[in-house]
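Examining the three-dimensional arrangement
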Amino acid sequence: MPGKRILVLNGPNLNMLGVREPAVYGRDTLADIETACRKAAVARGWSLEFRQSNHEGDLVGWIQEARAEADALVINPAAFTHTSVAILDALLLLDIPVIEVHLSNIHKREEFRHHSYVSRAAAGVIAGFGAKGYLLALAALED
Ligand code: DQA
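What comes next is a walk through the structure.

Now for the site of the ligand. All residues adjacent to the ligand are Arg20, Tyr25, Asn76, Ala78, Ala79, His82, His102, Leu103, Ser104, Ile106, Arg109 and Arg113. His102 is positioned such that a nitrogen or oxygen atom in its side chain is 2.8 Å from an oxygen atom of the ligand. The side chain of Arg113 places a nitrogen or oxygen atom 2.9 Å from an oxygen atom of the ligand. Surface burial for the ligand is 99%, taken as the share of its 320 Å² of free accessible area covered by protein chains. Residue composition of the shell around the ligand, grouped by class: 5 nonpolar, 4 polar and 3 charged.

Structurally, Leu88 can be placed in helix α4 (residues 85–92). Sequence separation of Leu88 and Ser116 is 28 residues, and the distance between their C-alpha atoms is 9.4 Å. Every residue in contact with Leu88, bar those within four places of it in the chain, is listed here: Tyr117, Val118, Arg120 and Ala121.

Take the sheet that holds strand β1 (residues 5–10) next. Strand order in this open sheet of 5 strands is β2-β1-β3-β4-β5, and the pairing throughout is parallel. Bordering the open sheet on either side are β2 (47–52) and β5 (124–127), each of which pairs with just one other strand. Each neighbouring strand pair of the sheet contributes to a mean axis angle of 15°, computed without reference to strand direction. Examined bridge by bridge, β1 and strand β3 (residues 72–76) share 5 bridges and lie parallel to one another. Directly across from Leu9, in β3, lies its bridge partner Ile75.

When glycine is set aside, most residues are seen to have a negative phi, and most peptide bonds are trans. Its identity as a non-glycine residue notwithstanding, Asn13 has a phi of 75°, on the positive side. On the secondary structure map, Asn13 appears in the loop between β1 and α1 (22–25). What makes Asn13 partly exposed here is its relative accessible area of 39%.

Looking now at the side chain of Ser84. Examined against the element boundaries, Ser84 turns out to sit in the loop between β3 and α4. The buried category is assigned to Ser84, whose relative accessible area is 1%. Of the polar contacts made by the side chain of Ser84, one reaches the backbone nitrogen of Ile87; its length is 2.9 Å. Setting aside residues up to four positions removed in sequence, Ser84 forms contacts with Glu56 and Tyr117.

Within the largest apolar cluster, 25 residues are counted, with the highest numbers of intra-cluster contacts made by Ile6, Ile33 and Leu138. Elements supplying a minimum of two residues to this core: β1, α2 (30–43), β2, β3, β4 (98–102) and α5 (132–140). Among the elements that line this core, the one with the most residues is α2, at 5 residues. Counting residues in hydrophobic clusters, the runner-up holds 20 residues, among them Val60, Ala70, Leu88 and Ala121.

Parameters at a glance
Residues numbered from 1 in each chain as written. Predicted model: local features only at pLDDT ≥ 70, side-chain atom pairs only at ≥ 80, totals over all residues. Heavy atoms only, no water. Near = heavy atom within 4 Å. Polar contact = N/O pair within 3.5 Å; in protein donor to acceptor, adjacent residues only side chain to side chain. Areas by Shrake-Rupley, 256 points an atom, 1.4 Å probe, with all protein chains shown as cover. Nonpolar A, V, L, I, M, F, W, Y, C, P; charged D, E, K, R; others polar. Helix = DSSP H or I, 4+ residues; strand = E, 2+ residues; numbered from the N terminus. Contact = heavy atoms within 4.5 Å. Pairing = 2+ DSSP bridges. Axes fitted to C-alpha atoms, helices over the stretch in contact; angles between N-to-C directions. Buried < 20%, exposed > 50% of the residue type's maximum accessible area, 1.4 Å probe, protein only. Core = buried A, V, L, I, M, F, W, Y, C linked by side-chain atoms within 4.5 Å.

Purely geometric numbers; function is a separate question.
Shown next as structure tokens:
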């Protein structure tokens with residue numbers, strides 16, 4: 001669908017990508033990921049809004065706004081994946097596709113990362129492919 005509006009949301013500490021545990025999260029910065037996503041969206045004739053916050057309430061607010069402003073949501077909720085019923089509840093308000101992305105394979109890591117509240121509201125989950133996971137999520141949104 002040309003003109004599709006994509007919202008990409010990123011949770012806490014993802015602003016530190018590039019310097020944050022590069023062995024786990026890779027060397028791409030969040031700005032690099034945004035540039036790659038924008039290119040992939042433009043190539044499909046889509047618009048893209050790309051945001052990051054360290055605050056749960058910001059993410060909840062943006063998810064609520066997505067009801068009116070987005071046709072699909074890609075979200076890496078970062079640590080809130082494993083803790084936030086508030087983000088799950090906000091996502092359950094949406095009737096657009098939601099794709100959950102993690103740079104790392106959360107199932108290969110510590111036990112507390114194995115459970116995602118967010119997955120209950122996700123059409124699909126992409127984990128373990130690094131920055132490429134965001135591009136895979138955009139590909140998954142093609143009609
Ligand atoms: C993450 C995985 C989470 O467990 C972690 O808290 C993050 C990033 C990922 O992209 O691999 O901050 O969502």
